[in-house]
Amino acid sequence: MPEGPPRKKVVVLGSTGSIGESSLKVARDLPDRIELIGLAANRSVDSLADQLNEFGIQQGCLYDPTGLSHLKTKVDDSVTLHAGEEGLIELATLPEADIVLIAIVGVAGLRPALAAIEAGKDIAVASKEILVMAGEQVMNAAREKGVKILPVDSEHNAIFQCLEGKPASDVSRLILTASGGPFRELPSSELSDVTVARALKHPTWEMGQKISIDSATLFNKGLEMIEARWLFDIEMERVDVIVHPQSIVHSMVEFIDGSILAQLSTTDMCFPIQYAITWPERVPNTLTPLDFAELAKLDFERPRYEDFPALNLAKEAGTTGGTLPAVLNAANEVAVSTFLSGNLSFPGIWKTVETVMSNHEVAEHPTLETLIDADLWAREEAKRIIS
Ligand code: MG
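Residues numbered from 1 in each chain as written. Predicted model: local features only at pLDDT ≥ 70, side-chain atom pairs only at ≥ 80, totals over all residues. Heavy atoms only, no water.

## Re the pattern of salt bridges
Okay, step 1: Evaluation of the coordinates by the stated rule reveals 24 salt bridges.
Okay, step 2: Note that Lys-210 and Asp-214 form a salt bridge whose closest N and O atoms lie 2.5 Å from each other. Of this pair, Lys-210 and Asp-214 both sit in helix α9 (residues 209-217), four residues apart, roughly one helical turn. Here Lys-210 matches Asp-214 in class, with each residue buried.
Okay, step 3: Its salt-bridge partner being Lys-221, residue Glu-224 comes within 2.7 Å of it at the nearest N-O pair. A residue pair is termed a helical-turn pair when its members lie 3 or 4 positions apart in one helix, as Glu-224 and Lys-221 do in helix α10 (residues 219-231) at three residues.
Okay, step 4: When salt bridges that share partners are traced, they join Lys-128, Asp-153, Glu-155, Lys-221 and Glu-224 into one network. (Salt bridge = Lys/Arg side-chain N within 4 Å of Asp/Glu carboxyl O. Helix = DSSP H or I, 4+ residues; strand = E, 2+ residues; numbered from the N terminus. Buried < 20%, exposed > 50% of the residue type's maximum accessible area, 1.4 Å probe, protein only.)

Laid out in structure tokens, this is it:
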């Protein structure tokens, strides 16, 4: 057997979530390419224990420390267990790690992401909050340290593949595709009657609760527009959205010569996760390839900007920059969790975000502390407005 390239040593923060589980699937599929060396979960003790045991991983972390003693009883004595944010940072900076995949919902991934960059690790980003809240800071830090930020989100991963390192000056537009969510065709008059159960039913992707609601309001796409603006160093005006219900074209790049490159695959997050980890190499796998003859057709339509204000709010936040994207993100998180608990209407989500944004005094080029303060302020403000 000829000797292949060395296995990449990978840490996964958020290993028991939807993206985390898919990343483990990718690792199972490519054992001669990927070696998992650390896993962190929020509070799913049993799943984390199973994962650590299956792969024989020596470093684990439970964000919520209450389950730590229980976790200790379920794994080998040789496994080092950490807890809390310090634990996440410990894993994110493991000396032997080549790449840290950050798939934690919410802002908890931000400090670990910056710590990994500071330690010279490439990071694969699945947590939107990292680039939405602190895109400017994260990209500056990565440039300074010469590390790569690899997007895991299917849209950004698609754009990353289409760009192949081409500068923003070659690009006329980034075109993010959006499934349109479960209410793509729902008349605007019926949006106020939307229930939690209906909002959680996404037509093409199977995802966690928060992101499913974000897909229904289109805030998910709004957050992705802001992410794209920072990831690819391009002005907000050149980030477009097109609704594409089949979710087969994952996004596109229009270049200054008018040519458009698109990236396509079946809807399985294992594709972008694998590319983010194995980049710059392409590696054969056991995933289901796309069958064009089966597709019948691909549809595209203009987003309903008036009925789903999330896109315009995100555009405003991304254009203004400073603390405003962090405020949009935090207000949305509070509004979504209130909606999920049955105490806010569906349109109440974007109405809350809009009011919090208009009540916010924007600070430009904020420090990390200022961003976290703005995040906390927006949460309190959202709660105040909802009650
Ligand atoms: Mg996406």
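Moving on from the coordinates now.
## Observations concerning the sheet that holds strand β9 (residues 239-243)
Okay, step 1: Here we have four strands laid out as an open sheet, ordered β9-β8-β10-β11, and mixed in their pairing. With partners counted over all chains shown, the strands left at the sheet margins are β9 and β11 (260-264), one partner each. Between one strand axis and the next, the sheet turns through 20° on average, direction left out of account.
Okay, step 2: Bridge count for strand β10 (residues 249-255) against β11 is five bridges, and the pairing is antiparallel. Within β11, the position partnered with Val-253 by the bridge is Leu-261.
Okay, step 3: Relative to the sheet, helix α7 (residues 154-163) contacts β8 (171-178), β10 and β11, its axis offset from that of β10 by approximately 40°.
Okay, step 4: Contacts from α10 reach β8 and β9 within the one sheet, and its direction differs from that of β8 by about 155°. (Pairing = 2+ DSSP bridges. Axes fitted to C-alpha atoms, helices over the stretch in contact; angles between N-to-C directions. Contact = heavy atoms within 4.5 Å.)

## Side note on the coordination of the magnesium ion
Okay, step 1: Bound to the magnesium ion on the protein side are Asp-153 (OD), Glu-155 (OE), Glu-155 (OE) and Glu-224 (OE), at distances that span 2.1 to 2.8 Å.
Okay, step 2: When the donors of the magnesium ion are listed by position in the chain, the intervening gaps give D-x1-E-x68-E.
Okay, step 3: Of the residues examined, Asp-153 reaches a relative accessible area of 9% and is grouped as buried.
Okay, step 4: Owing to a relative accessible area of 7%, Glu-155 belongs among the buried residues under this scheme. (Donors = N, O, S within 2.8 Å, 3.2 Å for Na, K, Ca; no water.)

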